[in-house]
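Below, each chain spelled out in residue letters.
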Amino acid sequence: MTETTNRRRAGRVRFAAIATMETKGILNANDQALCAVRNVSRTGIGLETGQPPIPGQTVLLRLALDAEVHELKTRATRVQRRGNSNFYEVGLDWNVCTQSQLNFLDEVLAVIEEAPLPTE
């Protein structure tokens, strides 16, 4: 994607972690979808999973960092199937997080930005 067509509100940093997603509701309810974290930014997080949410769905993300699991309320903004596989790239937005959760994310991002994973 060229710089002129990039619509991202914040730059992404490559990040490796394990997470789970929980979704509620009549459609697509799931109590524990396992995910691999791909990247994170000040506006959201990119994941890969075989059990994607529906775009617009509220998602409770449980992010494992070191020995702690952190719960963050998010909203699914992008769900895209990877080719013909059973895996999906999922984008979650932080816009429904509490102020306390956002403060935690700022701390995590500050550490990650100091030593990001190499680009692919």
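Predicted model only: the values in this text are computed from it and were never measured.

K.L.:
So what about the environment of Val90? Which residues, and what values?
P.N.:
The topology assignment puts Val90 in strand β6 (residues 88–93). Spatially, the C-alpha atom of Val90 lies 7.6 Å from that of Thr77, the residues being 13 residues apart in sequence. When near neighbours in sequence (up to four residues on either side) are disregarded, Val90 contacts Met21, Ile45, Gly46, Leu47, Thr49, Pro52, Pro53, Arg78 and Val79.

K.L.:
Please provide a residue-by-residue account of the side chain of Glu22, values included.
P.N.:
With respect to the helices and strands, the residue Glu22 is situated in strand β1 (residues 13–23). Overall, the relative accessible area of 13% leaves Glu22 in the buried class. Of the polar contacts made by the side chain of Glu22, one reaches the side chain of Lys24; its length is 2.6 Å. Residue contacts for Glu22: discarding those within four places in its chain leaves Asn30, Asp31, Thr58, Val59, Leu60 and Arg62.

K.L.:
Now, about the nonpolar core: what can you tell me, with residues and values included?
P.N.:
Here is a general trend for soluble globular proteins: nonpolar side chains tend to be buried in one another's company. If you look at the biggest cluster of nonpolar residues, it comprises 26 residues, and the most contacted ones within it are Met21, Leu47, Leu61 and Leu92. For this core, the secondary-structure elements that each account for two or more residues are β1, β2 (30–40), β3 (44–49), β4 (58–65), β5 (68–81), β6 and α1 (99–114). When neighbours within four sequence positions are excluded, Leu92 is seen to be in contact with Met21, Thr43, Gly44, Ile45, Leu47, Val59, Leu61, Thr74, Arg75, Ala76 and Thr77.

K.L.:
Kindly report on the pattern of salt bridges, identifying the contributing residues and their values.
P.N.:
A side chain of one charge can pair with a side chain of the opposite charge when the charged atoms of the two come close. Counting across every chain of the model gives seven salt bridges. One salt bridge connects Glu22 with Lys24, and the closest N-O pair in it is separated by 2.6 Å. The shortest N-O distance in the salt bridge between Arg82 and Glu48 comes to 2.6 Å. Taken together, the residues span a long stretch of sequence, with Arg82 in the loop between β5 and β6 and Glu48 in strand β3 at a distance of 34 residues. Classification of Arg82 as partly exposed rests on a relative accessible area of 36%. When its relative accessible area of 16% is taken as the criterion, Glu48 is described as buried. Among the charged side chains, a salt-bridge network with shared partners connects Glu22, Lys24, Arg62 and Glu71.

K.L.:
Tell me what's going on with the pairing of β2, and back it up with residues and numbers.
P.N.:
When β1 meets β2, the two strands line up antiparallel, connected through eight bridges. Across the sheet, the residue bridging to Ala17 is Val37, located in β2. Where β1 folds back onto β2 in an antiparallel hairpin, the turn is made up of six residues, including Gly25, whose phi is positive at roughly 115°. The hairpin turn running from β2 into β3, its antiparallel successor, is three residues long.

K.L.:
If you had to explain the sheet that holds β4 to someone new, which residues and values would you point to?
P.N.:
Spatial ordering of the closed barrel is given by β1-β2-β3-β6-β5-β4, a layout of six strands whose pairing is antiparallel. Going from strand to strand, the sheet's axes swing by 45° on average, the running direction of each strand aside. Pairing of β2 with β3, which is carried by five bridges, proceeds in the antiparallel orientation. Bridged to Cys35 within β3 is Thr49.

What counts as what
Residues numbered from 1 in each chain as written. Predicted model: local features only at pLDDT ≥ 70, side-chain atom pairs only at ≥ 80, totals over all residues. Heavy atoms only, no water. Helix = DSSP H or I, 4+ residues; strand = E, 2+ residues; numbered from the N terminus. Contact = heavy atoms within 4.5 Å. Buried < 20%, exposed > 50% of the residue type's maximum accessible area, 1.4 Å probe, protein only. Polar contact = N/O pair within 3.5 Å; in protein donor to acceptor, adjacent residues only side chain to side chain. Core = buried A, V, L, I, M, F, W, Y, C linked by side-chain atoms within 4.5 Å. Salt bridge = Lys/Arg side-chain N within 4 Å of Asp/Glu carboxyl O. Pairing = 2+ DSSP bridges. Axes fitted to C-alpha atoms, helices over the stretch in contact; angles between N-to-C directions.

Geometric descriptors of this kind do not, in isolation, establish any biological role.
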